[in-house]
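Listed here are the chains, written in short residue letters.
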Amino acid sequence: DAWVCTELTEKQRLYSKWVKELRSSMATLLHKVELEYHLVTSGWYMKNTKASSLNDVLRWKESFSHLLRSKEGRSAFHTFLQTEFSEENLEFWEACEDYKKTRSVKKLPSKAQDIFQEFLQFSSPREVNIDHRTRELIHKKMAVPCRNCFDAAQEQIRILMEKDSYPRFLKSPIYNKLLQQSPPRTVTVSFT
């Protein structure tokens, strides 16, 4: 009888744990849906994204590279990533781009340290998902940071966004609303 009670208690504990995880997942999903609904219906993302021409918005669909090259495209994508709680990926990618453009070699060590602490250090609130080997390699490079010390991690995050978030962005209400509300680009033709 004691064995049956212990087994039942273990099953109850596992079931209780499963129910708690399910509730948490449902709450997160509900929050995501509510946030996306709010962003689309309020037009908040439109206010924070410069009006892009329809051609520009359509180009974002051609390739992820087109989206990343567009300031407005990155802004819209960032808004979408917020609904998925993964905006740190794009923010890390942009921080790496900014880092590579740093003109003063004297500023590289402090900027590199800031990026590492914000995005790559274990348990940082905005930690991005890169493999252990790359993280350790970057940590070693931090002794004498160079302009390309984050390249491997930046590429991993770019690929992650391209394969994971980007396809969902193109199907999202945010992107579809931008398609509908983008003014067509006018072309003036002169026959003189």
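Notes on the structure in this doc start here. (Residues numbered from 1 in each chain as written. Predicted model: local features only at pLDDT ≥ 70, side-chain atom pairs only at ≥ 80, totals over all residues. Heavy atoms only, no water.)

## Remarks on the nonpolar core
Phase 1: Counting residues in each nonpolar core, the largest one holds 36 residues, and the members touching the most others are Phe77, Phe92, Leu120, Phe150, Met161 and Phe169.
Phase 2: Going through the elements one at a time, α3 (54-62), α4 (64-69), α5 (71-83), α6 (87-100), α7 (108-120), α9 (151-171) and α10 (173-181) are the ones with two or more residues in this core.
Phase 3: In this view, Phe77 contacts Phe64, Leu67, Leu90, Met161, Ser165, Tyr166 and Phe169; residues no more than four positions away in its chain are not counted. (Core = buried A, V, L, I, M, F, W, Y, C linked by side-chain atoms within 4.5 Å. Buried < 20%, exposed > 50% of the residue type's maximum accessible area, 1.4 Å probe, protein only. Helix = DSSP H or I, 4+ residues; strand = E, 2+ residues; numbered from the N terminus. Contact = heavy atoms within 4.5 Å.)

## Digging into the pattern of salt bridges
Phase 1: In this structure the tally under the stated criterion is 11 salt bridges.
Phase 2: Note that Lys111 and Asp98 form a salt bridge whose closest N and O atoms lie 3.0 Å from each other. In this pair, Lys111 is assigned in helix α7 and Asp98 in helix α6, connecting sequence segments 13 residues apart.
Phase 3: Of the residues examined, Asp98 reaches a relative accessible area of 44% and is grouped as partly exposed.
Phase 4: Linking Glu118 and Arg126 is a salt bridge whose minimum nitrogen-to-oxygen distance equals 2.8 Å.
Phase 5: Under the relative-accessibility criterion, Arg126 is labelled partly exposed at 28%. (Salt bridge = Lys/Arg side-chain N within 4 Å of Asp/Glu carboxyl O.)

## Describing the state of the cysteines
Phase 1: Counted under the stated rule, the structure contains 0 disulfides.
Phase 2: Cys149 supplies the cysteine sulfur nearest to Cys96, a cysteine that is in no disulfide, at a spacing of 8.1 Å.
Phase 3: Judged by relative accessible area, Cys96 falls into the buried class, the value being 1%.
Phase 4: Cys146 provides the cysteine sulfur closest to Cys149, a residue in no disulfide bond, and the two sulfurs are 5.2 Å apart. (Disulfide = S-S within 2.5 Å.)

## Examining the side chain of Thr102
Phase 1: Relative to the elements of secondary structure, Thr102 occurs in the loop between α6 and α7.
Phase 2: When its relative accessible area of 7% is taken as the criterion, Thr102 is described as buried.
Phase 3: Polar contacts involving the side chain of Thr102 include one to the side chain of Lys111, which spans 2.9 Å. (Polar contact = N/O pair within 3.5 Å; in protein donor to acceptor, adjacent residues only side chain to side chain.)

## Let's talk about the packing of aromatic side chains
Phase 1: Overall, the coordinates contain 8 aromatic pairs when judged by the stated rule.
Phase 2: Among the aromatic side chains, those forming a connected cluster through ring pairs are Phe64, Phe77, Phe80, Tyr166, Phe169 and Tyr175. (Phe/Tyr/Trp six-rings, centres within 6.5 Å; stacked < 30°, edge-to-face > 60°.)

## Notes on unusual backbone geometry
Phase 1: Of note in the backbone geometry, Phe85 takes a positive phi value of approximately 60° without being a glycine.
Phase 2: Accessibility expressed as a relative area gives 39% for Phe85, which makes it partly exposed.
Phase 3: A positive phi angle, near 70°, is found at Ser123, a position not held by glycine.
Phase 4: Looking at the secondary structure, you find Ser123 in the loop between α7 and α8 (132-141).
Phase 5: Overall, Ser123 belongs to the exposed group, its relative accessible area being 67%.

## Quick word on the environment of Val144
Phase 1: Note on placement: Val144 falls in the loop between α8 and α9.
Phase 2: For Val144, a relative accessible area of 70% gives the class exposed.
Phase 3: Sequence-wise, Val144 and Ala112 are 32 residues apart; in three dimensions their C-alpha atoms are separated by 9.6 Å.

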